[in-house]
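This is what each chain is made of:
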Amino acid sequence: MRYALTLGMVAIVAVGGTTAVAAVVENNNTYVTRVVDGDTIDVRQGDDRFRVRLLNIDAPESVDPDEETECLGPEATAYLRRILPAGTEISLEYDIEREDRYGRVLAGVIKDDQLVNAQIAAAGLGRPVVYPPNKRFYPDVLAAWQQAQHEQVGVFDPGIECTFVHAVLDYRQEAARIAAQAPAEGAAVLDYESYLEKVTTGIAVGTNLIGRAPGDHTFLAWDGNKHLVLQKVRNATSNLLAAEEIVGRRLAAERVRIEAEKKAREAAAKKARAEAERKARAEAERKAAARRAAAQSGGSTLRSGSNRSGGSGSSSGSAARKGSSSGGSTGGSSGGGSSKYTGCRAYAPGGKTWRPIPCP
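All of these numbers come straight from a predicted model, not from anything done at the bench.

Asker: Is there a simple way to explain the packing of aromatic side chains in this structure?
Answerer: For any pair of aromatic rings, geometry is given as the distance between the ring centres together with the angle between the planes. For the structure shown, the criterion picks out three aromatic pairs. With 4.8 Å between their ring centres and 55 degrees between their planes, phenylalanine 164 and phenylalanine 219 make a pair best called tilted. With a gap of 55 residues between them, phenylalanine 164 in helix α4 (residues 164–180) and phenylalanine 219 in helix α6 (residues 217–220) connect regions that are remote in the sequence. Judged by relative accessible area, which is 5%, phenylalanine 219 ranks as buried. Linked through ring pairs, Trp145, Phe156 and Trp222 together constitute an aromatic cluster.

As structure tokens, then:
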């Protein structure tokens, strides 16, 4: 829209029988002295110097020390400085209220027959707003804003990382990637657990996005499409929740299987130990029985040998006694030459005679 510049022009509108000032246009040698931020400038008009707040446009914060710098705030300021460098001649158009509570002049800024307020919106660097009763420039700013949305510039540019639309696009892509990587049945427990950690992180990102939305000026830029943007976030989160449920069931089943195998191994090991102990006892009993049998056999042999030795000695003793009796009578007289004595003898010197003696 082109704005005709008329010095000191006042438009009078009759509304309901009353008269109101709809707009005032001034171009009394008005020049920009400094751009403060994306929607505020300092100007000089003749000998007067004052600050102007552009009407029906709200650029992201970039200079308030009490506020965090918002996404594209520095870019909005830089943009306005490019189109309104110091010394630029401008015209100011006013609406119903001419000053805000901070003492700033409220106006539409015209340069080369173009509404600068709308140019900021067309760059996607300031959203349309209405602070009643001033709404004169809102339709032009809104149309420019819709153009920016259509062309995906400024806060609508998905390639700009700080914007909400970029965060939503990035989240949806990451959520889809995570959902597609779900481990199949029979995977390792560590694979399941690692995957579920990624899912939990992804869900947290989606939750944070939804919580961030109401206060994010780049999200507020979506106007009537806000619910569609949030629905995309919720859909991506729902996909992750579904993947979490499926993989959670697989993990639980795998843990049950592993526990069953563990119990089976423990039972088999217990059975093997019991069998080994049984065999060990049987072997010990066998060896003990063998030792007892050997001990019994050895005792019998000793007794048998003792009996045989005793009988021979008795017989020898008896024979000796007999020989002593008979040999004593003959040995001394005949020298034992004809005696049948076979026992122990004691020979006389010279060895010609002997006498029977007890065997040692």
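Moving on from the coordinates now.
Asker: Whenever I open this one, the pattern of salt bridges confuses me. Can you help?
Answerer: Pairing between side chains becomes possible if they bear opposite charge and their charged atoms approach one another. In this structure the tally under the stated criterion is 16 salt bridges. Close ionic contact of glutamate 93 with arginine 136 constitutes a salt bridge, the shortest N to O distance being 2.5 Å. Of the two residues, glutamate 93 sits in strand β6 (residues 89–94) while arginine 136 sits in the loop between β9 (127–128) and α3 (138–151), which places them 43 residues apart along the sequence. On the accessibility criterion, glutamate 93 (1% relative accessible area) is buried.

Asker: Can you walk me through the state of the cysteines in this structure?
Answerer: Cysteine pairs can be covalently joined through their sulfur atoms, and such a bond is termed a disulfide. All chains considered together, the criterion is met by two disulfides. Bridging cysteine 71 to cysteine 162, the disulfide has an S-S length of 1.9 Å. When the S-S torsion is 60 degrees, as for the bridge of cysteine 71 with cysteine 162, the disulfide is right-handed. One end of the pair, cysteine 71, is in the loop between β5 (57–58) and α1 (73–83); the other, cysteine 162, is in the loop between α3 and α4, with 91 residues separating them in the sequence. The exposure class assigned to cysteine 71 is buried, which follows from its relative accessible area of 12%.

Asker: How should I be thinking about the pairing of strand β4 (residues 48–54) in this particular structure?
Answerer: Where a strand is regular, its side chains alternate between the two sheet faces. Where strand β3 (residues 40–45) meets β4, six bridges bridge the pair, whose relative direction is antiparallel. Within β4, the position partnered with glutamine 45 by the bridge is aspartate 48. Linking two consecutive strands that pair antiparallel, namely β3 and β4, is a turn of two residues; a positive phi of about 65 degrees is found at glycine 46 within it. Bridging between β4 and strand β7 (residues 105–111) involves three bridges; their strand directions are parallel. Across the sheet, valine 52 pairs through a bridge with valine 105, a residue of β7.

Asker: What should I look at first to understand the side chain of aspartate 100 in this one?
Answerer: Within the secondary structure layout, aspartate 100 lies in the loop between β6 and β7. Within the local environment of aspartate 100, its side chain forms a polar contact with the backbone nitrogen of tyrosine 102, the two atoms lying 3.0 Å apart. Here arginine 104 takes part through its side chain, which lies 2.7 Å from a polar atom of the side chain of aspartate 100. Those residues in contact with aspartate 100 that lie beyond four places of it in its chain are Arg53 and Leu106.

Asker: Please explain the side chain of asparagine 56 as it appears in this structure.
Answerer: As for its placement among the helices and strands, asparagine 56 is situated in the loop between β4 and β5. Among the polar contacts made by the side chain of asparagine 56, one reaches the main-chain amide nitrogen of phenylalanine 137 at a distance of 2.9 Å. At 3.2 Å, the side chain of asparagine 56 and the backbone nitrogen of tyrosine 138 are in polar contact. In this structure, asparagine 56 is in contact with Arg127, Pro128, Val129, Val130, Asn134, Lys135, Arg136, Phe137, Tyr138 and Val141, ignoring residues within four places of it in sequence.

Parameters and conventions
- Residues numbered from 1 in each chain as written.
- Predicted model: local features only at pLDDT ≥ 70, side-chain atom pairs only at ≥ 80, totals over all residues.
- Heavy atoms only, no water.
- Phe/Tyr/Trp six-rings, centres within 6.5 Å; stacked < 30°, edge-to-face > 60°.
- Helix = DSSP H or I, 4+ residues; strand = E, 2+ residues; numbered from the N terminus.
- Buried < 20%, exposed > 50% of the residue type's maximum accessible area, 1.4 Å probe, protein only.
- Salt bridge = Lys/Arg side-chain N within 4 Å of Asp/Glu carboxyl O.
- Disulfide = S-S within 2.5 Å.
- Pairing = 2+ DSSP bridges.
- Polar contact = N/O pair within 3.5 Å; in protein donor to acceptor, adjacent residues only side chain to side chain.
- Contact = heavy atoms within 4.5 Å.

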